[in-house]
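Analysis of the macromolecular model
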Amino acid sequence: MRPGPDFDPTRNPYLSGRFAPVIEEIDAPDLEIRGELPSGLDGMFLRNGPNPRFTPIGSYLYPIDGDGMLHGVWLSGGKARYRNRFVRTLALLAEERAGRALWGGIESMILPREPDVPAPLVGTFRDLPDINVVRHAGRLLALAESACPFRMTPDLETIGRETFEGALPAGITAHPKIDPTTGEMAVFCYALEPPFLTWSIVARDGTVARGPTPVPGVDEPVMIHDMALTARFLVLVLAPVFFDMDAAMSGGSMIAWRPERGTRVALIPRDGGPVRWAEDDAFWVWHTVNAHDVDPHGDVVLDYVQWDRLSLIEDPNAPRTPNHGGLTRAILNPAAGTMRRTRLDDVSVEFPRVDDRLIGRRHRRVALASRSGRIDLPHGEHDALRWYDTDRSDGPITATTWSDSDLSVGEPVYAPAGRDNGMDDNGSETAAYGHWLTFAIDLTQDTSWLLVIPDEDPGSGPVARIRIPTRVPLGLHGNWTPAGPPET
C-alpha cells in the first residue's frame, strides 16, 4: 500500500478494529474496580499512542504517523479515575479549525498551503509526539520519534513544544533513559541533515548538562528508535535503516532497509571520550531491554528484542514472510570492538520493560507483550504477557506467561511497591515486589481495562481490573509516576 492519491484509509489495519482512533476526550472520576487495588499503588499510569483526530490523507505509517493521545489513570486510596487528552500541536489545532486533515502522512509528502493554514505553517512537517510519555525534572513530556517533545500539564493539557530553554532545538527521540542514581536523562536525536546523530545529557534539575554532541562515523541519515544506558556508556544500535529522500520525492518509501550494510553498535562514553564501535550481520531493534557494565573496565551486556529485518515499510495487507524476533543478549567488548549475540528465547515478543529503578544495572526480571498463538493477530497486537528471569546463575533463563482469551494487551509497565528504591546496599535488586500495569482491550465488548498484575507471581494474573469507560486503542509506550512532589 504505497502513499499517494489512491491511498485508501479503510484498507489500513492500523486505522480500524482495535487500533482505530477514539475522538472523544472524557473524564471519569470513579472507575469500576474488580478485585482489590494494592494499598501501595498511589500515582498515575500514563500511556501515549498514535490517534489521528481526522481521517488521514495520502498515507498512514504506523507507528510513526498519528496525533498523540495520552490516556491516564490515577490510583489512590483504593480508587481510580481516568482522563484522556490529545497532544494539541499547532498542526492539530489548525486541522480542528478546518474540520479535516491538512497534512498527509509522512510518506505522502503532502504539506499544507495557504489559506488552509497561517503563513508560519505553510510547507512545514507536522509534529508527531505520539510514541511515549515520560516525566523528568518536573516536566511531563509527550515524545515523538525524533523531534521536540511537547510539555504537558499534570492534568494532560498541552503547554507547547519543549526545547529545554533552547538548548535542544532539534529535539530528542522517544526513548530517553533516566539514570536512577544520578537523575540524569540521556537522550539522542537523529536527523535528515548533518549532524545526522547527536547525543545529550539533561541534568537532574532539567538543565542541559551536555548539549547536542555529534557521533563521529555517522555520515548519512539513519533511523534508531531506542537506546540503552550503563554507568559508562550510551548504547545505540544502528541497524541498516536509512532515509532515502530521493525515493520519497518520486513516490517511493522514504525508509530503506539495506542489509548488506550490516548493523553497528555505538558505545558512547558518558564522559565524552572516544566512541567505541562493534559490527555484525544485519538485524533490526525496535526496543532494548536494559544494559549494564560487567565491571568498570570490562564488557557491556545489552539485552534487547532482535528482528531479522524492519517490517515498517512492508504492505500490511500483503502476504507475510517470516520475520523472526525474540529476546536476545549481546556481549560487547569496548576495547576489541567485538559483539557476541545469543538468542535467549525464540518466542515472539515486544515492548520489553524492566523496573526502571534498575536502568543501567543488572536486572532480575523483564516483562514483555507476547502472543498466545490462539488467533492470528496483525503485527503490533499481542494477547499474552511474558516474564523472563534472566539473571540466573543456576541454569537457563525461565519464562512465565499469562493470557486471557478475551483480552488484547499492551506494554507492561512496572509500578514499585510504595517508595522502596529497589536496591540493597550492594547495588543489587531487592526482593520487594511491585506490580505490572497494562491496558487491555476486551475482545467481546470493545472496551478496555487497566490490569494490575503482581510481580511476585505474575502467572497468577491480575489482582485487580479497572474498567476504562472507553476503548483505549492499541498503542505504544507509557510510564508509572508515583504520587508525591515532582522531582527537582
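First things first, this report covers the structure right here in the doc. (Residues numbered from 1 in each chain as written. Predicted model: local features only at pLDDT ≥ 70, side-chain atom pairs only at ≥ 80, totals over all residues. Heavy atoms only, no water.)

Some remarks on helix α1 (residues 90–98)
The condition is simple: The cut-offs for exposure are 20% and 50% of the maximum accessible area for each residue type, with area from a 1.4 Å probe on protein chains only; residues under the lower value are buried, those over the upper are exposed, and the others partly exposed. Per the convention used, a helix needs a DSSP run of H or I reaching at least four residues, while a strand needs a run of E reaching at least two, with both numbered from the N terminus. Note: the arc covers the axis-to-C-beta directions of the helix. We call two residues in contact whenever any of their non-hydrogen atoms come within 4.5 Å of each other.
Turning to α1, its buried residues are Ala91, Leu92, Ala94 and Glu95. Viewed end-on, α1 has its buried residues packed into an arc of 160°, placing them on one side of the element. Considering only its buried residues, α1 is in contact with β5 (79–86). At the exit of α1 stands Gly99, carrying a positive phi of roughly 80°.

A short note on the pattern of salt bridges
Put simply, the rule reads: Each salt bridge in this description consists of a side-chain nitrogen of Lys or Arg and a carboxyl oxygen of Asp or Glu lying within 4 Å of one another.
On inspection of all chains with the given rule, the structure shows 37 salt bridges. With a closest N to O distance of 2.6 Å, Asp67 and Arg126 form a salt bridge. Of this pair, Asp67 sits in the loop between β3 (43–47) and β4 (69–76) while Arg126 sits in the loop between α1 and β6 (132–136), placing them 59 residues apart in sequence. Relative accessible area serves as the criterion here: at 5%, Asp67 is assigned to the buried category.

Topic: the sheet that holds strand β1 (residues 27–28)
Here is the rule we go by: Criterion used throughout: strands pair if DSSP finds at least two bridges between them.
Spatial ordering of the open sheet is given by β1-β5-β4-β3-β35, a layout of 5 strands whose pairing is antiparallel. Of all the strands in the sheet, just β1 and β35 (478–482) have a single pairing partner and so form its edges. The sheet contact formed by β1 and β5 spans 2 bridges and is antiparallel. Across the sheet, Ala28 pairs through a bridge with Tyr82, a residue of β5.

A few points about the sheet that holds strand β9 (residues 150–152)
Here is the rule: Lines fitted to C-alpha atoms define the axes, with helix axes restricted to the stretch in contact, and inter-axis angles between N-to-C directions lie between 0 and 180 degrees.
Spatially, the 4 strands line up as an open sheet ordered β6-β7-β9-β10, and their pairing is antiparallel. Of all strands in the sheet, those with a lone pairing partner are β6 and β10 (158–161), marking the two edges. On average, adjacent strands in this sheet sit at an angle of 30° to one another, irrespective of strand direction. Note: β9 against β10, 3 bridges, orientation antiparallel. From the neighbouring strand, Arg151 faces β10, where its bridge partner is Gly160.

Comments concerning the pairing of strand β34 (residues 464–468)
Most of β34 is tucked away, with 4 of its 5 residues classed as buried. Here 3 bridges tie strand β2 (residues 33–35) to β34, and the two strands are oriented antiparallel to one another. Paired with Arg34 across the strands is Arg465, a residue of β34. The pairing of strand β33 (residues 447–454) with β34 spans 5 bridges and is antiparallel. Counterpart to Ser448 in the pairing with β34 is Ile468.

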